[in-house]
Amino acid sequence: MATVRWRPGAARCHRDAQNFGTGATGALTGRLRTDSAFVTRYDSVATWPSFDLLETAVGSPAFSMAIDPSRNNTARIVFSDAYGRTLRHDFTLERPLPPTAVSTSTTLGADVIALSWEPSTSSDIRGYNVYRATSESGPFVRANQDLILGTSYFADTGLAQLSTYYYKIETVDQSGVPSFLTAAVNRSTAPAEATNFPVPFVGETSSPLAVGDVDGDGDLEVVVASNQVYVWHHNGEELRDGDGNSQTLGNFTAFAAGAILQPAAVTLANLDNVPGLEMIISERAPSYKIHIYTKTGAELAGWPRSLVLPSSSNWNWAAPSVGDIDGDGAPEIVVNTLNGVVWAWNADGTEVRDGDANPATTGVFYKRAGAEFEWSRSGPTLFDLDGDDALDIIFGTRNDSSGLKRVMALRYNGTDVAGFPYIANGSISTDVVIGDLDHNGQADLVFYTHAGTVYAVRADGTNYPGYPKATGLPVNADWVCVPALGDLNGDGKLEIVYTPNQTGLISRLAALSTDYAGGTSGQFMPGWPVVLPGSSEASPVIGDIDGDGSPEILHGIGGGDAAAPYNLYAYHANGQPVSGFPITLEGPLMNGVTITDLDDDGDVDLAYAGWDALCHVWDMPFAYDRHDVPGRRSRATCSARACISRSSWWASTTARHCRRRPCSWIARTRTRSIRRRSSASTWPNAAS
């Protein structure tokens, strides 16, 4: 091929020769010739040393000539060897157009970056070359051994893990003349998957998976809900052969065809005081039910419970929550359905209160008038706001007969907590997140509305300083994500992280300050927001994934538009991307990732299952510290939390749009806590 250097009216041409013969070439001589009156030759003779089969050599010196760029600049090189044999190569000194729309992918493995591009529109294309560098300024070295022929795709293999590479691509025409290089694109190699992962399952899922000790043996399992419940040990082996089929892996249940057990997140909790966590599963089809499975595959006594009412029945979008809502010292299961009904059962399946005054129904705790068609996606957040040693049920509303958009906080008897409901300026589809924003020992409530306003509210229903805040970021009501709270800058205060979706091709990951003493409460943190090329129903997750003692923020996109990538992103607290991300999948990321140490090897693992019908566990080569990631047990974390409130000062919530429970950054200090009994401290065996 030719390497051409241009200057006005002149060109220098280095000619590469590759040996495709049957032996060494011997010394070669090349002579530049032309019949064009618009080409003047200067350096017209070059020589090549002998080179072996498939080797490449560069002739010296470079051919040089004066040209008229506007005219026909055809020329040829005549090669000859010591035996007088000749080979003629004709070329035209006119650069072809470079390729366009270069994209990258890491789906092929931890040491592979695949590149694809739109072909050059020039008419005489022979192929392409891909150049790689480890910095944007170069030097760039050719990554492909031979010219890439007949395709606009190249897989660069054997790369270092979690390392960033920069690429430029050139077109080469039939004369061997290259185009200008494309602008550099960069991509990091992805983290490696854990042994025996990913594992396949049947059907896509938008339900966040759960991680916890299901069988009570001290090791962790992964639980996924799609059209079946799937459970795998930390090594990828199935917990039980639930379908009696040795050809499947992980099937825990054997529902009939057509079953849908998502999008509500899986919730894990110990409800029977037997070692091992029960799995709370939400059935959407063919019936509306809540199931609770034990490690044996049997349902807990008293379950499943139906969500069917005499009229306006519907299923639950948000994850079930678990906590002591009546102060009796035993856990209850709380569910919000899309028709504005709050359900609550004791662990044995009996109802907590007869909220609809109908003995024919079991579990109705509270029913809002006029909410039958509300599509209520805000899930139940459980926290003791009034200090009565019973967890209150907190959620947002969209449209009912009150005509108000509000946050409700219900006591054990169905009455309102003092200071509530709190009236907002728009519909609330997100879960309400709770945390101690300013380190004053009191709980604060965080949510945002379809009007694009972020709210922070004190436990007594008054506004947190600097809020509500109209951020100016558009919110698409069809794609709602739940906020996360975390101390991003180490100042002891919890920042608010949320993801307003605008269209299927654009969303923003934003971080807001809560520092009213410093005068920045309600303002964007430095480096934020970050623009993402797609929307998502997933919610952001906060935790230290690279072992540096500082939190990162993870968020996935895809599904809102066919042109959007299916990427899992990770950003440092300052808004800069983390090496190894984004990770590209084969399907949209409609739920959040889980940060854990699944195999107890001391390293961070990232667990995820979604629309690509694979359960992934990425094994990060960084130390895992349970204090630096979401979790209530020493090694059990899951995106579907059994409850929201925390005895430590970090905060979290439920969701997936409200199906997933975005996780928050846990500070190393333990002096900051909310001194009220929470479901976290009440139920220490619940997975988080």
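Above this text sits the structure in question.
Residues numbered from 1 in each chain as written. Predicted model: local features only at pLDDT ≥ 70, side-chain atom pairs only at ≥ 80, totals over all residues. Heavy atoms only, no water.

Undergrad: So, the sheet that holds strand β28 (residues 341–346): which residues are in play, and what are the values?
TA: Strand pairing in a sheet relies on backbone hydrogen bonds. The paired strands run either parallel or antiparallel. Taken together, the four strands give an open sheet; going across it, the order is β26-β27-β28-β29, and neighbouring strands pair in antiparallel fashion. Single-partner strands in this sheet number two, and they are β26 (321–323) and β29 (364–367). Across the sheet, the axes of successive neighbouring strands diverge by a mean angle of 20°, strand direction being ignored. Judged from the three bridges that link them, β28 and β29 form a sheet pairing that is antiparallel. (Pairing = 2+ DSSP bridges. Helix = DSSP H or I, 4+ residues; strand = E, 2+ residues; numbered from the N terminus. Axes fitted to C-alpha atoms, helices over the stretch in contact; angles between N-to-C directions.)

Undergrad: Before we move on, could you go through the pattern of salt bridges and cite the residues and values that matter?
TA: What the rule picks out here adds up to twelve salt bridges. For D35, the salt bridge goes to R76, with nearest N and O atoms at 3.1 Å. Of this pair, D35 sits in the loop between β3 (28–33) and β4 (39–41) while R76 sits in strand β8 (residues 74–80), placing them 41 residues apart in sequence. Its relative accessible area of 15% is what places R76 among the buried residues. For D156, the salt bridge is made with R132, and the minimal N-O distance between the two is 2.7 Å. One end of the pair, D156, is in strand β14 (residues 153–156); the other, R132, is in strand β12 (residues 125–133), and 24 residues separate them in sequence. For D156, a relative accessible area of 2% gives the class buried. (Salt bridge = Lys/Arg side-chain N within 4 Å of Asp/Glu carboxyl O. Buried < 20%, exposed > 50% of the residue type's maximum accessible area, 1.4 Å probe, protein only.)

Undergrad: Describe the sheet that holds strand β22 (residues 267–269), naming the residues involved and giving the relevant values.
TA: With respect to topology, four strands assemble into an open sheet ordered β22-β23-β24-β25, the strand pairing being antiparallel. Either end of the sheet is taken by a strand with one partner, and the two such strands are β22 and β25 (305–306). Two strands pair when backbone bridges link them, and strand β23 (residues 278–283) and strand β24 (residues 289–293) are joined in this way by five bridges, in the antiparallel orientation. Paired with I280 across the two strands is I292, which belongs to β24.

Undergrad: Describe the environment of K469, listing the residues and the values that go with them.
TA: You can see K469 is positioned in strand β37 (residues 469–470). Along the sequence, K469 and A456 sit 13 residues apart, while their C-alpha atoms lie 8.7 Å from each other. Residues in contact with K469, not counting those within four places in the same chain, are G452, T453, V454 and G522. (Contact = heavy atoms within 4.5 Å.)

Undergrad: If you had to explain the packing of aromatic side chains to someone new, which residues and values would you point to?
TA: Think of a pair of aromatic rings as described by two things: how far the centres are apart, and how the planes are tilted against each other in angle. Applying the stated criterion to the full structure yields 18 aromatic pairs. Considering the side-chain rings of Y422 and Y455, the 5.8 Å spacing of their centres and the 80° angle between planes classify their relative orientation as edge-to-face. Linking Y422 in strand β33 (residues 422–423) with Y455 in strand β36 (residues 453–458), this pair joins segments that are 33 residues apart in sequence. Side by side, Y422 and Y455 carry an identical accessibility label, which is buried. Relative to Y516, the ring of Y464 has its centre 5.4 Å away and its plane inclined at 70°; by these criteria the two rings are edge-to-face. With a gap of 52 residues between them, Y464 in the loop between β36 and β37 and Y516 in the loop between β41 (506–512) and β42 (530–532) connect regions that are remote in the sequence. Overall, Y464 belongs to the buried group, its relative accessible area being 0%. Among the aromatic residues, those joined into a ring-pair cluster are F201, Y230 and W232. (Phe/Tyr/Trp six-rings, centres within 6.5 Å; stacked < 30°, edge-to-face > 60°.)

Undergrad: Quick rundown of unusual backbone geometry? Include the residues and the values.
TA: In most cases, non-glycine residues show a negative phi, while peptide bonds are predominantly trans. Between G138 and P139 the backbone carries a cis peptide bond, its omega angle lying at 5°. By secondary structure assignment, the location of P139 is in the loop between β12 and β13 (141–142). Here the bond from W303 into P304 is cis, since omega is 10°, no more than 30 degrees from zero. Topologically, P304 is positioned in the loop between β24 and β25. Phi angles above zero are rare outside glycine, and N273 is one such case at about 60°. You will see that D600, though not glycine, has its phi angle at about 60°, which is positive. As for its placement among the helices and strands, D600 is situated in the loop between β47 (594–596) and β48 (603–609). The exposure class assigned to D600 is partly exposed, which follows from its relative accessible area of 44%.

Undergrad: Could you give an account of the nonpolar core, naming the residues involved and the relevant values?
TA: Among the nonpolar cores identified, the biggest contains 20 residues, and I545, L554, F581 and L606 are the most heavily contacted of them. Looking at this core, the elements with two or more residues in it are β45 (567–572), β48 and β49 (614–623). Ranked by the residues each element gives to this core, the list is headed by β48, at three residues. Grouped together as the second largest cluster of nonpolar side chains are 19 residues, Y467, L473, V475 and L512 included. (Core = buried A, V, L, I, M, F, W, Y, C linked by side-chain atoms within 4.5 Å.)

Undergrad: Lay out the pairing of strand β44 (residues 552–556) in plain terms, naming residues and giving numbers.
TA: The buried fraction of β44 amounts to five of the five residues, a majority that puts the element mostly inside the structure. Residues E552, L554 and G556 of β44 are buried on one face, and the alternating residues I553 and H555, pointing to the opposite face, are buried as well. Both strand β43 (residues 541–543) and β44 contribute to a ladder of three bridges, which runs antiparallel. The partner of V541 across the bridge, within β44, is L554. The sheet contact formed by β44 and β45 spans five bridges and is antiparallel. If you follow G556 over to β45, its bridge partner there is L568.

Undergrad: For the pairing of β36, give the residues involved together with the corresponding values.
TA: The two faces of the sheet receive side chains in turn, since in a regular strand these alternate between them. For β36, a buried count of six out of six residues is recorded, marking the element as mostly surrounded by other parts of the structure. Because side chains alternate across β36, one face comprises the buried residues T453, Y455 and V457, and the other comprises V454, A456 and R458, equally buried. In sequence, strand β35 (residues 444–448) turns back onto β36 through a hairpin of four residues, with G452 there showing a positive phi of about 90°. As paired strands, β36 and β37 are joined by two bridges and run antiparallel to one another. Considered in β37, the bridge of T453 is made with A470.

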